[in-house]
Amino acid sequence: MDTIKGLADYQLDVLKEIGNIGAGHAATALSTLLDKPVDMLVPKVVVLPFEEIPEIVGGAEEVVLAIFLRVVGEAPGNMFFILNLESARNMLSKLIGMDLSDNGDYSEMELSALNEIGNILAGSYLSSLADFTRLTMYPTVPALAIDMAGAILSYGLLQFGEMGDQALLIDTKFLEGSEEVQGHFFLIPDPESFGKLFAALGVESL
């Protein structure tokens, strides 16, 4: 199984640049979709063990909203865009401008809007990564779930089979005026894919 040696600063800079380019493409697409300016920032990009993902989003028992999909092509894997429930509601009310019900439930239209944002993000980040690595990769149709973080990742394992033991985290901040919403975007390459991706980026793997 491929594992990554300690990444040099310049190698993390390459990953962050990929994230920033993807965020720029996603911001343009979202601005067009919402008909108002939307900026996006990528404050942090790290490679972390798969089992640490739940802690990043608040713990395995934290109820979150996740948009997930399969990456197919030369470097297959899985993608998750995870928001805590407060961030998801803020995204709908402040970024998209929807009027939300007080009971905490999501309407079909609200879930569809969140799914579309996840789809735009996934396509933008994946396109940016494919451009840098010159590998063919494209996303499947996304699915959305609201559940405990640990349960969502376990479902992903059942749905997609064995996942790699490392993940690429791209922290994502949406900005619209003074409003800010943060989400966590994870790319989890299949075990045989991590080496391909990082070799294409000039990063040594074991």
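Heads up: the structure comes first, above all this text.
1. Looking at empty space enclosed by the protein
Then, number 1: Under the criterion given, the structure shown has two cavities of 30 Å³ or more.
Then, number 2: In this structure, the largest cavity occupies an estimated 60 Å³ of space.
Then, number 3: As for the largest cavity, its lining consists of L15, I18, M79, Y125, L129, L168, I170, F185 and L187.
Then, number 4: Broken down by secondary-structure element, the contributors of at least two residues to the lining of the largest cavity are helix 1 (9-34), helix 4 (108-133), strand 7 (166-176) and strand 8 (179-189).
Then, number 5: Taken together, the residues of the lining of the largest cavity break down into nine nonpolar, no polar and no charged.
Then, number 6: Its volume calculated, the second largest cavity comes out at about 40 Å³.
Then, number 7: Every residue lining the second largest cavity is listed: L15, L129, L168, L187, P189, L197, F198 and L201.
Then, number 8: Secondary structure elements with two or more residues in the lining of the second largest cavity: strand 8 and helix 6 (193-200).
Then, number 9: In terms of residue class, the lining of the second largest cavity is built from eight nonpolar, no polar and no charged.

About the cut-offs
- Residues numbered from 1 in each chain as written.
- Predicted model: local features only at pLDDT ≥ 70, side-chain atom pairs only at ≥ 80, totals over all residues.
- Heavy atoms only, no water.
- 1 Å grid on protein atoms, 1.4 Å probe; cavity = no way out; pocket = protein on both sides within 12 Å on 5 of 7 lines; lining within 4 Å.
- Points joined across faces, edges and corners; volume = space filled by probe spheres on them.
- Helix = DSSP H or I, 4+ residues; strand = E, 2+ residues; numbered from the N terminus.
- Nonpolar A, V, L, I, M, F, W, Y, C, P; charged D, E, K, R; others polar.

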